[in-house]
Amino acid sequence: LLFSVTVCILMLEKMLPRVILTMARPKTKRKPSGTPLPVWDLSDLLPTATPEVMLKRLRARVNAFACQYRGQVEKLTPPAFARAISAYEKLSEDMGRIYAYASLNRQTRLSDAAAGKLYQTVLERTTDMSAHILFFTLDINKMPDAALARHLKNKTVAWYRPWLDSLRAYRPHQLDDAVERVIHERDVTAGAAWVRLYDDLTARLRFDCRGRKMTDTEVFHLLQSPKRDVRRAAAKAIERTLSAQSDTFALILNTIAKEKEIDDRQRGFATVTAARNLDNQVEDDVVDALAGAVTGSYKRLSHRYYKLKAKWLGLSRMEYWDRNAPLPFAATRRISWGEARETVLSAYGAFHPQLEKTARLFFDNRWIDAAPRAGKDSGAFSASTVPSAHPYILMNYKGTMDDVMTLAHELGHGVHQVLAADQGYLMMDTPLTLAETASVFGEMLVFRHLLDHETDPVARRAMLAKKVEDMLNTVVRQIAFHEFERRFHTERKSGEVTASRIGDIWMEVMGKSLGSAIRPDNGYRHFWAAIPHFYHTPFYVYAYAFGDCLVNALYGAYQSSEKGFADRYINLLVAGGTKRHGELLAPFGLDAADPRFWARGLAVIEDLIDQLEYGENAAKVKKG
Ligand SMILES: [Zn+2]
């Protein structure tokens, strides 16, 4: 059932460790000397029995659970209902544990066939088991409000209230069982098929660049080259290839949007963003306030910064392919692992001893795998695994400043996951919009700590500029994407939108966000075709901006707060997924529904750009 599939996907995701990937970092060759890099020890997850025996035992428990509760949920007494939820949680957690083991074991052994086979076996068997107990959450959703209210008088059931609330939020949008079944079965030849077509098409594309046929990853990477002619050649190759396929991309996007429109209408979602907002546990007007605040700040943020960047690059105006060019004064110093560890721990400790104490666990107990090696995943993440174990962090430390920030970021997730573990497996994880709070806040603490200790003006400028660029990519750019989606989906309601018209919408929203320091090149009009989020998960992109702005507002409140902020922040982390943003932010005097909240977050970026501009003007005065 599609509706149930939404729940099902949620539940399946719940089953898998939350793996948050940061953007791929550029590769460097030199290795920092000193402290050896840690390799993790997964034995805390390693079951006492072999995985095969573990899976067999789990299967027996799943069967017993289904046997006991299938068709019985509505007849349970409140204490029996409480026992059923606890049993469901324990079962889900034990499936999550073996999945976490198989998955993490594979992340450092990607070319090892046995590790791959174990992972695939565990994935298939746990997916099948979770489908077998899916009835439980569906039956809870069929329960009348009055019956649930009776259950909630039980103390144990009341403990699970946040989980029950998020489950039941989908109830008003659920269709009849028969309709849901048809939608679900048809999906493989409908929505899912179009997404697959997009993926296949993109994977097959080749970009003719400087005499070589490149994949999309290769050619897009060249847009970050320090050489201008390389960036230009890459951009022109992308233009040519995307433009040749733009009618096909437009057809796919139109079809996906039409299916979404039918679905929204049937399920009673009033706006194009409403279904996504429900997934993210955020109200429509809050998202509108965020988008409004960001679009209203383009002049003060991106327009101003790109003017500065053009000057640094020695250009009167940048082309769109200069936007991601490296800065001429970027830092190159190598930082040892020991120094990185001490930097992060002391920045965390200066904020709150609890933060440092929790972060230290990761270093003292081999919960981090930081050594780059062949066959290891090239990204970075913190996997929450299960509350009865602990999180694990994977990254590839090569000693750049970016790597130190990645460590700060992942430890932010890790500390959050440790502190929220008491909420239990069903309620420890936050929705997407809040998932990046602790990581981005942790990065901010370390960034400020380093900035405060840096006396060299050029190094300071490089740090500030890098931070601003990251923030503009997360906040301004993603909200421009969001505006594009909103306009496209709204126009699609009254008929198909041609590739050329989609290009017009793209150029208009992107032009507004980039400002006059970047020349509007007509070749850029096809680049909407290359953003996978538009096809995979419509209206996903604003969550990035939401998370970043929220942390900025929180950080702004920290800078102007008296005592007690750090304790309140620890409480926010401990709450895990049990509270929505309104409840979480209230103790800080913050309210995301208030447009001033977002203005406060954006002011933090503005302040960094002020410092960059001030540095420029001071240099000018000195020279003069
Ligand atoms: Zn993250």
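**Some points on the overall build of the protein**
Looking only at helices and strands, the protein features 29 helices and 5 strands. Over its C-alpha trace the protein gives a radius of gyration of 25 Å, about what one expects of a compact globule, namely 25 Å for 624 residues. Referenced to the eigenvectors of the C-alpha coordinate spread, the extents of the protein come out at roughly 85 × 60 × 50 Å. A burial count over the protein gives 53% of its 624 residues as buried. Contacts in the protein between residues far apart in sequence, at least 24 positions, make up 79% of those at least 6 positions apart. Across the protein, 86 positive and 74 negative side-chain charges occur, with their mean positions spaced 3 Å apart.

**Focus on the sheet that holds strand E5 (residues 392-394)**
Pairing is mixed in the open sheet, where 3 strands are placed in the order E3-E5-E4. Of all the strands in the sheet, the pair left with one neighbour each is strand E3 (368-369) and strand E4 (381-383). Alignment of E4 against E5, held across 3 bridges, turns out to be antiparallel. Within E5, the residue paired with Ala383 across the bridge is Tyr392.

**Re the coordination of the zinc ion**
Within the protein, His409 (NE2), His413 (NE2), Glu436 (OE) and Glu436 (OE) serve as the donor atoms for the zinc ion, at 2.1 to 2.8 Å. Geometry at the zinc ion is irregular, judged from its 4 donor atoms and the angles of 50 to 141 degrees they form at the metal. The motif formed by the donor residues of the zinc ion, counted along the single chain, is H-x3-H-x22-E. You can see His409 and its partner His413 sitting in helix H19 (residues 401-420), 4 residues apart, about one turn around the helix. The buried category is assigned to His409, whose relative accessible area is 7%.

**Considering the pattern of salt bridges**
Under the criterion given, the structure shown has 42 salt bridges. Between Asp139 and Lys142 there is a salt bridge whose closest N-O contact spans 3.9 Å. Separated by 3 residues within a single helix, Asp139 and Lys142 lie in helix H5 (residues 135-142), roughly one turn from each other. The class for Lys142 is partly exposed, based on a relative accessible area of 48%. As a salt-bridge pair, Lys236 and Glu239 come within 3.1 Å of each other at their nearest N and O atoms. One end of the pair is Lys236 and the other is Glu239, both in helix H12 (residues 228-244) and 3 residues apart, which spans about a single turn. Residue class for Glu239 comes out buried when judged on its relative accessible area of 11%.

**A look at the packing of aromatic side chains**
All chains considered together, the criterion is met by 43 aromatic pairs. Aromatic side chains Phe249 and Tyr535 sit 6.4 Å apart centroid to centroid with 55 degrees between the ring planes, which places their arrangement in the tilted category. Of this pair, Phe249 sits in helix H13 (residues 246-267) while Tyr535 sits in helix H25 (residues 532-536), and the two are 286 residues apart along the sequence. Aromatic side chains Phe484 and Phe534 sit 5.0 Å apart centroid to centroid with 35 degrees between the ring planes, which places their arrangement in the tilted category.

**Some details on the nonpolar core**
Tyr305, Trp506, Trp528, Tyr535 and Trp598 are the most contacted members of the largest nonpolar core, which totals 140 residues. Beyond its immediate chain neighbours, meaning those up to four positions away, Trp598 contacts Val286, Ala289, Leu290, Ala293, Phe546, Cys549, Leu550 and Ala592. Ranked by size, the runner-up nonpolar core spans 39 residues in total, among them Ala49, Leu55, Val62 and Ala147.

**Quick word on the confidence of the model for the protein**
Atom-level detail of predicted coordinates should not be read off regions where pLDDT is low. Residue-level pLDDT values for the protein average 89, and 93% of them are 70 or greater. Scored below 50 in pLDDT, residues 1-32 makes 84 contacts in the model with residues more than four places away or belonging to other chains.

**Overview of the side chain of Glu89**
Assignment of secondary structure puts Glu89 in helix H3 (residues 78-107). Here the side chain of Glu89 touches Leu426 through a polar contact of 3.1 Å, landing on its backbone nitrogen. Dropping the residues within four chain positions of it, Glu89 is found in contact with Tyr160, Gln423, Gly424, Tyr425 and Leu426.

**A look at the environment of Ile262**
Relative to the helices and strands, Ile262 is located in helix H13. Here Ile262 falls in the partly exposed class, since its relative accessible area comes to 36%. Note: C-alpha distance between Ile262 and Lys493 (231 residues apart in sequence) is 9.6 Å.

**A closer look at H12**
Between its first and last C-alpha atoms H12 spans 25 Å; for 17 residues at 1.5 Å apiece the expected length is 24 Å, and the two agree. Residues Val230, Arg231, Ala234, Ala235, Lys236, Ala237, Ile238, Glu239, Thr241 and Leu242 constitute the buried set of H12. Its buried side turned inward, H12 meets strand E1 (207-209), helix H11 (216-221) and H13.

**Quick look at H5**
Of all 8 residues that make up H5, 6 are buried, and the element is covered over most of its length. When H5 is considered as a whole, its buried residues turn out to be Phe135, Phe136, Thr137, Leu138, Ile140 and Asn141.

**Side note on unusual backbone geometry**
Located in the positive-phi region is Thr385, a residue other than glycine, with phi close to 50 degrees. A relative accessible area of 2% places Thr385 in the buried class. One non-glycine residue, Phe539, lies in the positive phi region at around 65 degrees. By secondary structure assignment, the location of Phe539 is in the loop between H25 and helix H26 (542-559).

**Remarks on the packing of helix H21 (residues 437-453) against helix H27 (residues 565-574)**
Orientation of H21 relative to H27, taken along the N-to-C sense of each, is 145 degrees, at an axis distance of 11 Å. Viewed along their axes, H21 and H27 form a crossing whose handedness is left-handed. Contacts from Thr437, Ala438 and Phe441 of H21 reach H27 at Phe565, Tyr569, Leu572 and Leu573.

**Some remarks on the environment of Ala158**
With respect to the element layout, Ala158 can be found in helix H7 (residues 155-159). On a C-alpha basis, the gap between Ala158 and Glu259 in space is 38 Å, while along the polypeptide they are 101 residues apart.

Parameters and conventions
Residues numbered from 1 in each chain as written. Predicted model: local features only at pLDDT ≥ 70, side-chain atom pairs only at ≥ 80, totals over all residues. Heavy atoms only, no water. Helix = DSSP H or I, 4+ residues; strand = E, 2+ residues; numbered from the N terminus. Rg over C-alpha atoms; globule rule 2.2 N^0.38 Å. Buried < 20%, exposed > 50% of the residue type's maximum accessible area, 1.4 Å probe, protein only. Contact = heavy atoms within 4.5 Å. Lys, Arg positive; Asp, Glu negative; His and termini not counted. Charge placed at Lys NZ, Arg CZ, Asp CG, Glu CD. Pairing = 2+ DSSP bridges. Donors = N, O, S within 2.8 Å, 3.2 Å for Na, K, Ca; no water. Tetrahedral: all angles 85-135°; square planar, octahedral: opposite > 155°, others 65-115°. Salt bridge = Lys/Arg side-chain N within 4 Å of Asp/Glu carboxyl O. Phe/Tyr/Trp six-rings, centres within 6.5 Å; stacked < 30°, edge-to-face > 60°. Core = buried A, V, L, I, M, F, W, Y, C linked by side-chain atoms within 4.5 Å. pLDDT = per-residue confidence, 0-100. Polar contact = N/O pair within 3.5 Å; in protein donor to acceptor, adjacent residues only side chain to side chain. Expected span 1.5 Å × (residues − 1). Axes fitted to C-alpha atoms, helices over the stretch in contact; angles between N-to-C directions. Left-handed = near helix turned anticlockwise from the far one by under 90°.

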